[in-house]
Every structure is written in C-alpha cells, then in structure tokens.
Amino acid sequence: MKNWVGGWIDWNLALDLDGGPNWAGWRADAAILVNSDKDEFWKQPIYYGISHVSKFVPPGSVRVELTGTYLPEDLLSVAFIRPDNATVIVFLNKLSYSIKVPLEDEQRGTVLLEIPPRSMQTIIYW
C-alpha cells in the first residue's frame, strides 16, 4: 500500500488443499484453504491481515505520507484518510520486542504509543 503501488486482493481468496482450481495449473496459496472432502477450512495468517486492514480502511480511503522520527526497519506503518475524514495508521511490528512510537499530529497534538512485539496495531482518530 506504499511506494506508489496499487493494492489488490488476489483472486485466490479461497483455494483447495492442492492450490486450485487454477487456470494456470500451478500450486497457488490463498488466505483460506478448503478441504471439501471433510467440509473443513483453515484461515491462514494473511486472512487476518486482510481482515484487520479492511475493517479500518474502507473503499475511497486515500493513503497519505507518514513522516517523522527514525523507526526500526521491521516496524512497518502506513496511514490513510478515510471518506469520513478519520485518520487511520496501521503499524506492523515484526520485532520480538515492543517499540515506543511518538505520534504527532499538527492539529491534534502528540501521544506516545507502544506497539507490542509481533503485532498489528491500528490507530484511528478524527
């Protein structure tokens, strides 16, 4: 969602255990794997990432630049302005320890956030 790329959801939202059906004939991965023989399905980790972001970033949202203090490379962040004018910031902490992040908004002030280890956290405010 950053660096001038378009966002999309792969058409393979759910596939069988062999990665199909697939027109190309290769084994593909998906957010949900289905075992139709046993009437079972498994949600893979990417399912929860897609689900998390889609709860806070509705269609019509616009990505905006998030600037500031140097943060570790493994603390990822992206910000959006939603159609209802809310600001949404999604953090993904891939590190094994918490990170303190000073969040400053010129109009709303500053707050010190602590992003837990190996977590996805979302901040939303108006």
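Because the structure is a prediction, the values reported are computed rather than measured.

Focus: the nonpolar core
The biggest cluster of nonpolar side chains holds 11 residues, and these are Leu-75, Ala-79, Ile-89, Phe-91, Leu-95, Ile-99, Val-101, Leu-103, Leu-113, Ile-115 and Tyr-125. Elements with a minimum of two residues in this core: strand S5 (75-81), strand S6 (87-93), strand S7 (99-105) and strand S8 (109-115). Here this core gets three residues from one element, more than from any other, and that element is S7. Beyond its immediate chain neighbours, meaning those up to four positions away, Leu-113 contacts Phe-91, Ile-99, Lys-100, Val-101, Leu-103 and Ile-123.

Section: unusual backbone geometry
Residue Pro-21 is bonded to the preceding Gly-20 through a cis peptide linkage, with omega at 0 degrees. In this structure, Pro-21 sits in the loop between strand S1 (14-16) and strand S2 (32-35). Located in the positive-phi region is Asp-39, a residue other than glycine, with phi close to 55 degrees. Tracing the sequence through the fold places Asp-39 in the loop between S2 and strand S3 (40-43). In this structure, Asn-85 takes a positive phi of about 75 degrees despite not being glycine. A residue is classified by how much of its surface remains accessible, and Asn-85, at 57% relative accessible area, is exposed.

Some thoughts on the sheet that holds S3
Two modes of strand pairing occur in sheets, parallel and antiparallel, and in both the strands are linked by backbone hydrogen bonds. If you trace the three strands from one edge of the open sheet to the other, you get S1-S2-S3, paired in mixed fashion. On the outer flanks of this sheet lie S1 and S3, each paired with one strand and no other. Pairwise comparison of adjacent strand axes, ignoring direction, gives a mean angle of 25 degrees for this sheet. Here S1 runs beside S2; their pairing, made up of three bridges, is parallel. When the bridges of S2 are listed, Ala-14 appears paired with Ile-32.

What counts and how
- Each chain carries its own residue numbering, running from 1 in the direction its sequence is written.
- Whole-chain, interface and lining totals are the exception, using all residues; otherwise, since this is a predicted model, local features are given only for residues with pLDDT of at least 70 and side-chain atom pairs are given and counted only at 80 or more.
- As a rule here, side-chain values come from all non-hydrogen atoms in the structure, and water together with hydrogens is ignored.
- By nonpolar core we mean a set of buried residues, namely Ala, Val, Leu, Ile, Met, Phe, Trp, Tyr and Cys, connected to one another through side-chain atoms within 4.5 Å.
- Only protein chains enter the calculation, and the probe is 1.4 Å; a residue is then buried if its accessible area is under 20% of its type maximum, exposed if over 50%, and partly exposed in between.
- The helix count covers DSSP runs of H or I at least four residues long, the strand count covers runs of E at least two residues long, and both are numbered beginning at the N terminus.
- Between two residues, a contact is recorded if the distance between any of their heavy atoms is within 4.5 Å.
- The criterion for strand pairing is that DSSP finds at least two bridges linking the strands in question.
- Fitted lines through C-alpha atoms serve as axes, helices being fitted only where they are in contact, and the angles separating the N-to-C directions of these axes extend from 0 to 180 degrees.

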